[in-house]
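Now for the letters of each chain:
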Amino acid sequence: MIEDLDKDQVYIEEQLLNPAQIGVIQERFNEILGNKNSEFANSYTSWDTEITDNYRAGIVLLKNLDNDAVRPVIKDACERMTGKDCTKAILSVFTAGSYIPWHDDKKFDAAITIHVDDYDWQDGGMFLYTDPSDNFSGIRGYIPRAGAGVYVKNAWHMVTPVLPTRPPRLTVQCWFIED
Ligand SMILES: [Fe+2]
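Residues numbered from 1 in each chain as written. Predicted model: local features only at pLDDT ≥ 70, side-chain atom pairs only at ≥ 80, totals over all residues.

Q: Got a minute to help me understand the overall build of the chain in this structure?
A: A tally of helices and strands in the chain yields 3 helices and 11 strands. Ordered by position in the sequence, the α and β elements of the chain form the string β-α-β-α-β-α-β-β-β-β-β-β-β-β. The C-alpha radius of gyration computed for the chain amounts to 15 Å, which stays within 12% of the reference 16 Å derived for 179 residues, consistent with globular compactness. C-alpha extents for the chain along the principal axes are approximately 45 × 35 × 35 Å. Counting only contacts in the chain whose residues sit at least 6 apart along the sequence, the fraction spanning at least 24 positions is 80%. (Helix = DSSP H or I, 4+ residues; strand = E, 2+ residues; numbered from the N terminus. Rg over C-alpha atoms; globule rule 2.2 N^0.38 Å. Contact = placed C-beta atoms within 7 Å.)

Listed below in structure tokens is the structure:
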């Protein structure tokens, strides 16, 4: 549980989901990705152009999960981390060569990224974060592990390019938007 929700920060909880919850989400995502009738939005039409690096980054496929069978698992994860459910939950499929350049997500109140699969350090798709006031000298990195939750509130971060040799990088993006 995050102690100070008003504080700008990056906070990583390695085992936000338990193995059963990871299994439920992985099974559902395999079903979605294996179904040729699944419909996706995508980063090129849904995101600000800075976040797609002006369309230079590989495309990220997006699927709203708000009415999906896995939504209760996501709700549980958000509540355990912050004490409340997120406003919006989205499956993000980072295809080969996709990445997100440095940004601070300031337009949202906060976000949690739930990682669905394990990454090797050579796979790309690493989460980097820092405080730009130190001229990016203190960059820290996180190699995604299945079930991890990464909370970001007004903090600079990016995702390094996903290598073409590896399957798509799957995450659940949970947005917190105050009204
Ligand atoms: Fe972000």
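Alright, that's what it looks like, and here's the rest.
Q: Quick question: what am I supposed to make of the nonpolar core here?
A: Proteins that are soluble and globular tend to have nonpolar side chains buried together. Ranked by size, the top nonpolar core spans 38 residues in total, and within it Ile 74, Ala 77, Cys 78, Ile 112, Ile 114, Val 172 and Cys 174 carry the most contacts. Ranked by the residues each element gives to this core, the list is headed by helix 3 (residues 71–82), at 5 residues. In this structure, Ile 74 is in contact with Leu 65, Ala 89, Ile 114, Val 172 and Cys 174, ignoring residues within four places of it in sequence. (Core = buried A, V, L, I, M, F, W, Y, C linked by C-beta atoms within 7 Å. Buried ≥ 20, exposed ≤ 12 C-beta atoms within 10 Å, placed from the backbone.)

Q: Help me out: how do you make sense of the sheet that holds strand 2 (residues 41–42) in this one?
A: In any sheet, the strands associate via hydrogen bonds between backbone groups, in a parallel or an antiparallel arrangement. One open sheet holds the 7 strands; their spatial order is 1-9-6-11-4-3-2, and the pairing between them is antiparallel. One side of each edge strand has no neighbouring strand; the edge strands of this open sheet are strand 1 (9–13) and strand 2. Inspection of the sheet shows strand 2 paired to strand 3 (residues 60–64) by 2 bridges, in the antiparallel sense. Counterpart to Asn 42 in the pairing with strand 3 is Leu 61. Seen against the sheet, helix 3 touches strand 1, strand 4 (88–94), strand 6 (110–115), strand 9 (149–153) and strand 11 (169–176) and runs at an angle of roughly 120° to strand 6. (Pairing = 2+ DSSP bridges. Axes fitted to C-alpha atoms, helices over the stretch in contact; angles between N-to-C directions.)

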